[in-house]
Structures are given as structure tokens and as C-alpha cells.
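Read off the chains here:
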Amino acid sequence: MKFFMPTEVLIGKNIVKENSERFKAFGKKALIVTGKSSSKKNGSLDNIIEVLTFNKIDYIIFDEVEENPSVETVCIASELGKKENVDFIIGVGGGSPIDASKAISIMIKNRELTKDTIFTEEKLDGIPLIAVPTTCGTGTETTQYSILTDNKEKIKRNLGQEVFPKLSLLDPLYTMNMPLETTRNTAMDALSHIIEGYLNTNSTIITDGIVKIALEEFSKAIDGLIKGNLSFEDRESLAIASNLAGIIIAHTGTSLPHGLGYALTYNKGVPHGLANGCLYIEYLKVFKNREKVDNIYKLLGFRNENELEDFLRIIGKAEVNVIEGELKSYTKEFLKNKSKLKNHPEDITEEEIYLIYKNSLL
Ligand code: NAP
Ligand code: FE
């Protein structure tokens, strides 16, 4: 059994400004990598600029990262970072800019990599990364994964390198004005990490212990998620739960819903958390070890499985315009994804996988 978590995580109100001096150790010039607009509105980018200016650290901003970041975007940002000789990266925003930052860190350090060789199997190091997440879903601030859109293979896939941020700074205040839809989608992502980490071939007593705490923490926000009105405490619970969820999947990986959801995101534009979430009721139904499924609803504070399903119907509700033939072809593609399949600890047939899609979406 192995437990490895090299990222230092600091959580709290005003955490960036309170840890201003920590930025000095990272170098003299930073590349800030962020999305198109949210970090300019929620205060995170202003806080980072203030801290860098105070510490006389030079910076350039790349604010073109799209949702589900593409290899092409990563390459453009990497060229900028190389040209400007940056010492480190600050990834600020949701999972998309932080995942992009991880790949950019690898490409800046390994200058010979191109968009055609980025998914190399060689194990590489990157330049240091500070993560400032502004969604409570992916847990990317405590994972080694960088999920990129590979337009050549027409799917989303993991870069395959291990890029843990050196430091992650989580301030739930950045998430206070997040629209309800994004809040629910990203919360669903966090919940799916916890559950897929629990119903997983690679789970250990350590990850199971973290699962228990993460589900209990998540449960504190359930009322707010249902009513559509989340307090600071709710947002803080989601930040902690999604961070713990990152630690869990850093060890176990994700399994069926994530593997099946990627096709819905790539082909139908369904946001990542929702793409997993809309398959969840059917995924839990096919899981044969009912004792483990029972533990999940109990730890979330529900009285029975029906209550959990009612909740999933609210936060995992998606309208996806898809036909039977498409679902059959997504199923076939998924079966090639051996890494996700081997994380599922039970035997499962092609028909059962297809039925998860079909019963969820048709
Ligand atoms: P995201 O794609 O980063 O962002 C979704 C939307 O939310 C964007 O429009 C973004 O705006 C906005 N947004 C971000 N923070 C906000 C805030 N505080 N208030 C209001 N709006 C905000 O969403 P995400 O769900 O966090 O990340 C999804 C990506 O992470 C996917 O590519 C997924 O595959 C990946 N992922 C990675 C891991 C991992 O371990 N590495 C795990 C799960 C998922 P802007 O674009 O303007 O910033
Ligand atoms: Fe995810």
C-alpha cells in the first residue's frame, strides 16, 4: 500500500494574501494561466497580482484557457512561457486552467516537446506550479492528472505525467458568486471522485478513511445544493470535500462514469461534472456490492438509496440529444480505455456498460 501526497494545501478566507511571502521562493518571473473571465470577477486574479507586485515578482498573464483545455492551447501558452523565461506557473481558475498549467509546466521544462509528442510515455518533470482553484469539483489542486482535449484522437485524455502542484491555495470566497449550474456541476464532479475512489480496484484503508470524511463533509452542503442557495460554510465544505476527493483519486484513479462521461463532453459539450453525474444512478444500480453502495448513502446522511437517487436527479440532470447508434459507438470506444475499466473492481459486460448510457440518456 502506498500513500503519497506531495502538495502543500492551505485553505481559508484570504489565503493568497495571507501567504504572500510564500511566492518569493518560486522565482523572479511567473506565468499566470487562467480562463477567459471568471478569475477577473471573483477576486482571485487581483489577489495574485497584488501579491506578486508586493514581492516584486514579474509576471505575464495567459488568459485564453477554454473549458476542457486543448493540446493546441497548451502549446500556445507554453511558447509564451518559454519566450518569457518564466520560473514558475500560477494556475488560477477551475480544473481547465489548472490542468492546462500542469501540461504547460512540462512543456516549458522539456522544450523539445510538440503537440505531436506531448503524450509521450517518458516520465518528465515540469517547472513548479502553484494552484489557486476557484471551483469546488475537480480536486486537480491535489492530483497529478492533467486532462486535455486531444483533437487528434477526438477524446479527452490524461497527459500521463505526474504534475502535483507544489502549493495549493483554496479560498472558498472565490466561489461565492458562482452560478448555481456551475456549482452543482462541479459538486457532482467532487462527489463522483469520492464514490469512484471508493468503488475502486485500487482503494485502500487510507483512501477509504478519506472517503468517509469527504462524504460527511460533502453532506453538509446537500441542503444548499438542493435549495440552490449556498452559504459560505456550504462552499467551504465543498472546497474541503473536493480537495479530499482529489487526494482519493490521486491514489485510486476514476472509473466508469468518468470514462463514459468524456465522450459526452467531447461530442455533446456536456460540462465535465454533469457528464459523470447524469450516468450516476444507473452506474450505482449495476454495482454488485450493495453493502458498499449502502455505505455511500448512509455517510451522505440519506435514509435510503431512493433519497440518494432523488438528490442525484437534481444535481445530475442533463438534457443530452443523443441516439442509440452514438451510444453504441461511445461504448465500443470506452472498452478500449483499459485504464478506466481496470479501476472498476467487478466484472462488467459491454451490454451492462451500454445500458448505463441508454437507461440514463434515452
Ligand atoms: P472549468 O472548465 O475550469 O470552468 C467551467 C466554467 O466555470 C468556466 O466558464 C469558468 O469561467 C467558470 N468558473 C470558474 N471558476 C468560477 C467562479 N469562481 N465563479 C464563476 N464561474 C467560474 O470547470 P471545472 O469543472 O473546474 O474543470 C473541468 C475540467 O477539469 C475538465 O477538463 C475535467 O476533465 C478536468 N478534471 C480534472 C481532474 C484532475 O484531477 N486533474 C479531475 C476532474 C476533472 P472562465 O473560463 O472564465 O474561467
Ligand atoms: Fe472529474
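Throughout this document, residue positions are counted from 1 along each chain, in the order its sequence is written. To label them, take the chains in the order written and letter them from A, then take the ligands in the order written and number them from 1. Given that the model is predicted, a residue must reach a pLDDT of at least 70 before its local features are reported, and side-chain atom pairs must reach 80 or more before they are shown or counted; all residues, however, enter totals for whole chains, interfaces and linings. Hydrogens and water are ignored here; the side-chain numbers use all heavy atoms of the structure.

1. Concerning the coordination of the iron ion (ligand 2)
Part 1 of the reasoning: Those donors, Asp189 (OD), His193 (NE2), His258 (NE2) and His272 (NE2), are the protein atoms that reach the iron ion (ligand 2), and they lie 2.1 to 2.2 Å from it.
Part 2 of the reasoning: Sodium, potassium and calcium take a 3.2 Å donor cutoff, other metals 2.8 Å, and in both cases only N, O and S atoms count; water is not among them, so sites may look incomplete. Site shape is set this way: if four donors have all angles between 85 and 135 degrees, tetrahedral; if opposite donors are over 155 degrees apart and all others between 65 and 115, square planar for four donors and octahedral for six; otherwise irregular. Around the iron ion (ligand 2) sit four donor atoms; with metal-centred angles ranging over 83 to 168°, the donor geometry is irregular.
Part 3 of the reasoning: Every donor residue of the iron ion (ligand 2) comes from the same chain, spaced as D-x3-H-x64-H-x13-H. Of this pair, Asp189 sits in helix H6 (residues 180-198) while His258 sits in helix H10 (residues 256-268), and the two are 69 residues apart along the sequence. Helical segments are the DSSP runs of H or I of at least four residues, strand segments are the runs of E of at least two, and each set is numbered from the N terminus.

2. Quick look at the pattern of salt bridges
Part 1 of the reasoning: A pair is scored as a salt bridge if a Lys or Arg side-chain nitrogen falls within 4 Å of a carboxyl oxygen belonging to Asp or Glu. Enumeration according to the criterion identifies 22 salt bridges in this entry.
Part 2 of the reasoning: For Lys220, the salt bridge identified is with Glu217, shortest N-O distance 3.1 Å.
Part 3 of the reasoning: Across the pair Glu350 and Lys332 runs a salt bridge whose closest N-O atoms are separated by 2.5 Å. Here Glu350, found in helix H17 (residues 350-361), pairs with Lys332, found in helix H15 (residues 324-335); they are 18 residues apart in sequence, far enough to count as distant.
Part 4 of the reasoning: Connected through shared salt-bridge partners, Lys115, Asp116 and Lys152 make up one network.

3. Notes on the UniProt feature "domain: Alcohol dehydrogenase iron-type/glycerol dehydrogenase GldA" (unreviewed entry) in the chain
Part 1 of the reasoning: UniProt positions are given in the numbering used here, feature names are shortened, and annotations may be inferred rather than shown by experiment. Mapped onto this numbering, the UniProt entry annotates "domain: Alcohol dehydrogenase iron-type/glycerol dehydrogenase GldA" (unreviewed entry) at residues 6-172.
Part 2 of the reasoning: Segment residues 6-172 splits into 28% helix and 25% strand. End C-alpha atoms: 22 Å apart.

4. A closer look at the domain arrangement of the chain
Part 1 of the reasoning: Domain ranges listed in this record stem from an automatic or a database domain assignment. The domain boundaries assigned to the chain delineate domain 1 (8-174) and domain 2 (179-361).
Part 2 of the reasoning: Centre-to-centre, using C-alpha coordinates, domain 1 lies 25 Å away from domain 2.
Part 3 of the reasoning: In this complex, domain 1 contributes 25 residues to the contact, which on the side of domain 2 involves 23 residues.
Part 4 of the reasoning: It is Cys136, Lys156 and Pro172 that lose the most area in domain 1 upon contact with domain 2, and together they represent 29% of the buried surface on that side.
Part 5 of the reasoning: In this structure, the connection of domain 1 to domain 2 is made through zero salt bridges.
Part 6 of the reasoning: We define a polar contact as two N or O atoms separated by no more than 3.5 Å, with the added condition that, inside protein, one atom must be a possible hydrogen donor and the other a possible acceptor, whereas residues neighbouring each other in sequence contribute only through side-chain atom pairs. At the junction of domain 1 and domain 2, the tally comes to nine residue pairs in polar contact (both at pLDDT 80 or more).
Part 7 of the reasoning: Elements that contribute at least two residues to the side of domain 1 that touches domain 2 include exactly strand S1 (8-11), strand S6 (147-150) and strand S7 (155-158).
Part 8 of the reasoning: Ranked by the residues each element gives to the side of domain 1 that touches domain 2, the list is headed by S6, at three residues.
Part 9 of the reasoning: Class assignment for the residues of the side of domain 1 that touches domain 2 results in ten nonpolar, ten polar and five charged. Any two residues having at least one pair of non-hydrogen atoms within 4.5 Å are treated as being in contact. A simple way to read buried area is as the amount of 1.4 Å-probe accessible surface that goes missing from two parts once joined, with both sides added. Just so you know the grouping, Ala, Val, Leu, Ile, Met, Phe, Trp, Tyr, Cys and Pro go in nonpolar, Asp, Glu, Lys and Arg go in charged, and all remaining residues, Gly too, go in polar.

5. Focus: the nonpolar core
Part 1 of the reasoning: Counting residues in hydrophobic clusters, the biggest one holds 59 residues, and the most contacted among them are Leu191, Phe218, Leu264, Leu300, Tyr357 and Leu361.
Part 2 of the reasoning: Counting residues per element, this core draws most heavily on helix H9 (residues 232-252), which supplies seven residues.
Part 3 of the reasoning: Each residue touching Tyr357, except ones within four places of it in the same chain, is listed here: Leu260, Ala263, Leu264, Leu279, Leu327, Tyr330, Thr331 and Leu362.
Part 4 of the reasoning: The definition of a nonpolar core used throughout is a set of buried Ala, Val, Leu, Ile, Met, Phe, Trp, Tyr and Cys residues joined through side-chain atoms within 4.5 Å. Partly exposed residues are those whose accessible area sits between 20% and 50% of the maximum for their type, while under 20% is buried and over 50% is exposed, using a 1.4 Å probe and protein chains only. Listed in part, the 26 residues of the second largest apolar core include Ala77, Ile108, Leu124 and Leu159.

6. Things to note about the packing of H6 against H10
Part 1 of the reasoning: To define axes, lines are fitted to C-alpha atoms, for helices over the stretch in contact only, and angles between the resulting N-to-C directions are given on a 0 to 180 degree scale. For the pair H6 and H10, interaxial distance at closest approach is 9 Å and the crossing angle is 140°. In terms of orientation, H6 lies oblique with respect to H10. Contacts between H6 and H10 involve Asp189, Ser192, His193 and Glu196 from the former and Leu256, Pro257 and His258 from the latter.
Part 2 of the reasoning: For the contact of H6 with H10, a count of residues per class yields two nonpolar, three polar and two charged. Should an angle fall under 35 degrees it is called roughly parallel, over 145 degrees roughly antiparallel, and 65 to 115 degrees roughly perpendicular, with every other angle called oblique.

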